[in-house]
Amino acid sequence: MHALFILFQDTMAQDSLMAMQEEATTFFDLLVEGGILMIPIFILFAIACYVIAERWLALNRSHVDPEKFLPTIENMLKSGKGGASNAMNYCDEFDKPISRIIKSGIKRLGRPLRDIEDAIDNAGKKEIFFLEKRMNWLATIAGVAPLLGFTGTVTGMIEAFMDIQSLQGNVNPSVLAGGIWEALITTAAGLIVGLIAYGFYNFLLGKINRSIFELENASADFLDLLQSPAKKENN
C-alpha cells in the first residue's frame, strides 16, 4: 500500500512538471509567433525596467528632510568662527541634492546676496537635471513600444492577405494563423510595455516634482536665514 502511495506521488509530480514545461513552452511559442518585432519590444521593456529601478532608487537616496537639515546648518553658521567650514563638512557628509545646493551658497558667504542667489540657482539647475536624468528614455519607450506593436499588426495583416491571394481565396483559417498571431501578439506586447513605461513615467515624475518643490523651499529658507541677522540689526 505504501509503495502504491509513493508511486502515485511520483506520477503526480511528473504530471505537474510536464504541465509546467508545456505552459513555459506555450509562452515561448507565443513570443516566437509575434515575429521579429518582438525583439525590439523586448529590448525596450528591458530598458524601461532598468530606468524605472535606477530612478526610483536614486530618488529615494536623494531625499533629506529639510526641517532637520536646515536647523543644523543654522546652528553651525551662528556658532561663530569656523561655523561655515563645519557647515560645509556637514553638507559633504550628506552628499544629497539639498546639501550640495546649500553648500554652494555657504561657499560664497561674505559676498553680495545676489551672488549667493546665483550660485544656489545654478546648483539647483544642475541637481534638477540629474533628478530628471533618463526620464526622456521612459517617455520615448511609452510612445514607441505601442507603435512597434501596431507595426506588427500591419505586417501580420499584410502577411495574412498575401496568403489569401496566394491561395486564390480558398482559405483555411489555420493557414492564416501565422499572420493573425503576429498581429495580435505584437500589439498586445507593445501596449503592455507602453502602459508600464507611461505609468511609471508619471509616477516618477510626481516624485521628481515633489523633490524639486522641497529643494526650492529649502533654498528660499536658507536665503532667509542669511538675511535674518541683518533684519535683527535693522530692528
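Our structure is the block above this text.
Reference entry: report on the structure contained in this document. (Residues numbered from 1 in each chain as written. Predicted model: local features only at pLDDT ≥ 70, side-chain atom pairs only at ≥ 80, totals over all residues. Heavy atoms only, no water.)

## With respect to the packing of helix α3 (residues 66-77) against helix α5 (residues 97-106)
Here's step 1: Axis separation between α3 and α5 bottoms out at 12 Å; the angle between their running directions is 25 degrees. Regarding the angle of α3 to α5, the classification is roughly parallel. As α3 packs across α5, the resulting crossing turns out to be right-handed. Note on element contacts: α5 touches α3 through Ile98, Ser99, Ile102 and Ile106, opposite Pro66, Phe69, Leu70, Ile73 and Leu77.
Here's step 2: For the contact of α3 with α5, the residue count by class is eight nonpolar, one polar and no charged. (Axes fitted to C-alpha atoms, helices over the stretch in contact; angles between N-to-C directions. Helix = DSSP H or I, 4+ residues; strand = E, 2+ residues; numbered from the N terminus. Parallel < 35°, antiparallel > 145°, perpendicular 65-115°, else oblique. Left-handed = near helix turned anticlockwise from the far one by under 90°. Contact = heavy atoms within 4.5 Å. Nonpolar A, V, L, I, M, F, W, Y, C, P; charged D, E, K, R; others polar.)

## Description of the packing of helix α2 (residues 38-62) against helix α7 (residues 135-166)
Here's step 1: The geometry of α2 relative to α7 is characterised by a closest axis approach of 10 Å and an angle of 155 degrees between their N-to-C directions. Judged by the inter-axis angle, α2 sits roughly antiparallel to α7. For α2 against α7, the interelement crossing comes out left-handed. Of the residues in α7, those touching α2 at Pro40, Ile41, Leu44, Ile47, Ala48, Val51, Ile52 and Arg55 are Met135, Trp137, Leu138, Ile141, Val144, Ala145, Leu148 and Gly149.
Here's step 2: Taken together, the residues that form the contact of α2 with α7 break down as 14 nonpolar, one polar and one charged.

## Points about the packing of aromatic side chains
Here's step 1: This model, assessed by the stated rule, comprises five aromatic pairs.
Here's step 2: Look at Phe129 and Phe130: their rings are 5.6 Å apart centre to centre, the planes differ by 70 degrees, and that puts the pair in the edge-to-face class.
Here's step 3: We classify Phe129 as exposed; its relative accessible area is 57%.
Here's step 4: For the pair Phe200 and Phe203, a centre-to-centre distance of 6.4 Å together with 90 degrees between the ring planes defines the contact as edge-to-face. Separated by three residues within a single helix, Phe200 and Phe203 lie in helix α8 (residues 177-234), roughly one turn from each other.
Here's step 5: Accessibility expressed as a relative area gives 29% for Phe200, which makes it partly exposed. (Phe/Tyr/Trp six-rings, centres within 6.5 Å; stacked < 30°, edge-to-face > 60°. Buried < 20%, exposed > 50% of the residue type's maximum accessible area, 1.4 Å probe, protein only.)

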